[in-house]
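If you want the building blocks of each chain, they are given just below.
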Amino acid sequence: MRHSISRSDLQIIQHEADIVARRLIRQLRLPYDDLADIRQELLLDLFARLPAFDPERGSLGAFAGIVMANRATRIAHKARRDRRLYGAVPASLDETLPNSAGATRGDLIGEDEGLAAYFGQPVDAFAEAERRLDVERGLGTLAPNDGALCAALSRTTVDRLAGGGRGARSSLYRRVKDIRLALLAVGLRAA
Amino acid sequence: MISTITKLPTVRLRINETDLCGWIGQAAPGDVLEYYRGFLAMDTFSHGARLPECDRAELTRLARRAWWAGEQKLIHLVQRRHGPDDYGYLAVARSKPKKAPASLSSLLLAEVA
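The structure contained in this document is the topic of the report that follows.

Calculation rules
- Residues numbered from 1 in each chain as written.
- Chains lettered and ligands numbered in written order.
- Predicted model: local features only at pLDDT ≥ 70, side-chain atom pairs only at ≥ 80, totals over all residues.
- Contact = placed C-beta atoms within 7 Å.
- Helix = DSSP H or I, 4+ residues; strand = E, 2+ residues; numbered from the N terminus.
- Nonpolar A, V, L, I, M, F, W, Y, C, P; charged D, E, K, R; others polar.
- Axes fitted to C-alpha atoms, helices over the stretch in contact; angles between N-to-C directions.
- Parallel < 35°, antiparallel > 145°, perpendicular 65-115°, else oblique.
- Left-handed = near helix turned anticlockwise from the far one by under 90°.
- Core = buried A, V, L, I, M, F, W, Y, C linked by C-beta atoms within 7 Å.
- Buried ≥ 20, exposed ≤ 12 C-beta atoms within 10 Å, placed from the backbone.
- Pairing = 2+ DSSP bridges.

## Remarks on the interface of chain B and chain A
Now for step 1: Across the contact, 22 residues belong to chain B and 18 residues belong to chain A.
Now for step 2: Elements with a minimum of two residues in the side of chain B that touches chain A: α1 (17–26), α3 (53–71) and α4 (104–112) of chain B.
Now for step 3: Ranked by the residues each element gives to the side of chain B that touches chain A, the list is headed by α1(B), at seven residues.
Now for step 4: Its residues assigned to classes, the side of chain B that touches chain A comprises 12 nonpolar, six polar and four charged.

Given below as C-alpha cells:
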C-alpha cells in the first residue's frame, strides 16, 4: 500500500534515524565522522521499505523504529566483523612512518607475514630452490617409468590414467606408494 | 637321534619400510639405525616360524628397501654379529649426493609432448 509522507512524517523519520545512528556510534565506539553515513544508510533502507507500511497496523514512527532497529543490528554486525578482520583501528600499508626517510608501514612487514604465507604459499626463495633440488635428486632415484608417472600425475589422476590404458588402478597405486617411499627416503615428505 | 633341540629365539619387527624411509630422509651423515635384529635370511623365509606372516611380509619389504637405499648410495649397510643366528642389521646414513641426476623441467616437458 502506498502511503504519502507528509512534512511532519519526514521530520519523525529523520529524528528517529538521528537517534538510532547516535546510539550506534556510542555503542560501537565508532568515529563521530561515521554518523552521517550511518544515518543515511538507515534512511535509505527505510525509504526502500516504505511501500510495505500499512497505517492501519501501526504508526509511521513505530514502523520506522522497527525497520531502523533491524538495520542497526546489521550495521553493528558488519562493524564487529570488520574489527575482527582488520583490527580496531585499520591502518594503511602505504602510510609513511614518522622519522623513517620515506619508509611505509608495508616495508616493515616481512614476506613470511604476508597474505601469501597465510595461505600456505612458499615465500622463502632459498628454501624453494633447495626443495627444487631435493625434488630433482629424488626423481633421480626413481626408475624412468616411475618418473614419467610422476610427471603424468602432476596434471591428472590415477583413475584417469588407468582409464586411458596406462595400467590397472591397483598397480598404479602400488607404484605411487613405492614412489612416495623413495621420495621420503631422500627427505621429501608428502604435501 | 636328536637329543637337544636349540630353540630359536622369537624376534620382533620393530620398524617398517615407511619408518626406514623416514629415518633415511632426515638422517645426518654418520647417523646409525639398527633397522632389524635377527637373521634376515631365515626370518624372511616363507616357511619360517620366528615371525607371524604379516610381519614376515613387512620384513621382506623392509629388507628390500634397505638394499635399494644402499644401491642409491643413501646409506651403507653393515651387520654386527651378536651370536648364532643373531645379527644386528645397521644402516649408516651417507651424505646426500649433491648432483641432481634428473631434471624436473625435462620430465614435465616430456610428459606434455
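So, next bit.
## Focus: the packing of helix α1 (residues 7–28) of chain A against helix α2 (residues 35–49) of chain A
All names here are of chain A.
Now for step 1: The N-to-C vectors of α1 and α2 enclose an angle of 130°; their axes lie 9 Å apart at closest approach. With respect to α2, the element α1 is oriented oblique. As for the relative orientation of α1 and α2, their crossing is right-handed in sense. Residue-level contacts link Ile13, Ala17, Asp18, Val20, Ala21, Arg22, Leu24 and Ile25 of α1 to Leu35, Ile38, Arg39, Leu42, Leu43 and Leu46 of α2.
Now for step 2: Taken together, the residues that form the contact of α1 with α2 break down as 11 nonpolar, no polar and three charged.

## Side note on the nonpolar core
Now for step 1: Counting residues in each nonpolar core, the largest one holds 29 residues, and the members touching the most others are A:Ala185, B:Ile24, B:Leu62 and B:Ala66.
Now for step 2: Mapped by element, the contributors of at least two residues to this core are α6 (144–153) and α8 (169–185) of chain A together with α1, β1 (32–38), α3 and β3 (86–93) of chain B.
Now for step 3: Those residues in contact with A:Ala185, other than ones at most four positions away along the chain, are B:Cys21, B:Ile24, B:Gly25, B:Ala69 and B:Leu74.

## Considerations on the packing of α8(A) against α1(B)
Relative placement of two packed helices is described by the angle separating their axes and the distance separating the axes.
Now for step 1: Packing of α8(A) against α1(B) brings their axes to within 6 Å, and their N-to-C directions diverge by 35°. Facing α8(A), whose interface residues are A:Leu181, A:Leu184 and A:Ala185, α1(B) presents B:Glu17, B:Thr18, B:Cys21, B:Gly22, B:Ile24 and B:Gly25.
Now for step 2: Of the residues that constitute the contact of α8(A) with α1(B), the class distribution is five nonpolar, three polar and one charged.

## Observations regarding unusual backbone geometry
Now for step 1: Of note in this structure, A:Arg29 is not a glycine but carries a positive phi near 55°.
Now for step 2: Relative to the assigned elements, A:Arg29 resides in the loop between α1 and α2.
Now for step 3: The exposure class assigned to A:Arg29 is exposed, which follows from the 9 C-beta atoms found within 10 Å.
Now for step 4: The phi torsion at B:Lys73 lies on the positive side, around 65°, for a residue other than glycine.
Now for step 5: With respect to the secondary-structure elements, B:Lys73 resides in the loop between α3 and β2 (75–83).

## Quick notes on the pairing of β3(B)
One face of the sheet, then the other: side chains in a regular strand alternate in exactly this way.
All names here are of chain B.
Now for step 1: As judged from the six bridges shared by β1 and β3, these two strands associate in the antiparallel manner. If you follow Leu33 over to β3, its bridge partner there is Ala91.
Now for step 2: Summarising the sheet, β2 and β3 pair through eight bridges and their orientation is antiparallel. For Arg81, the partnering residue across the bridge sits in β3 and is Tyr87.
Now for step 3: The antiparallel hairpin formed by β2 and β3 contains two residues in its connecting segment, where Asp85 sits at a positive phi of about 55°.

## Considerations on the sheet that holds β3(B)
Residues and elements named next belong to chain B.
Now for step 1: The antiparallel open sheet is built from three strands, whose spatial order is β1-β3-β2. This sheet does not close on itself; its edge strands, each paired only once, are β1 and β2. Neighbour to neighbour, the strand axes of the sheet diverge by 20° on average, direction disregarded.
Now for step 2: In the packing of α3 onto the sheet, the strands contacted are β1, β2 and β3, and the crossing angle to β2 comes to about 130°.

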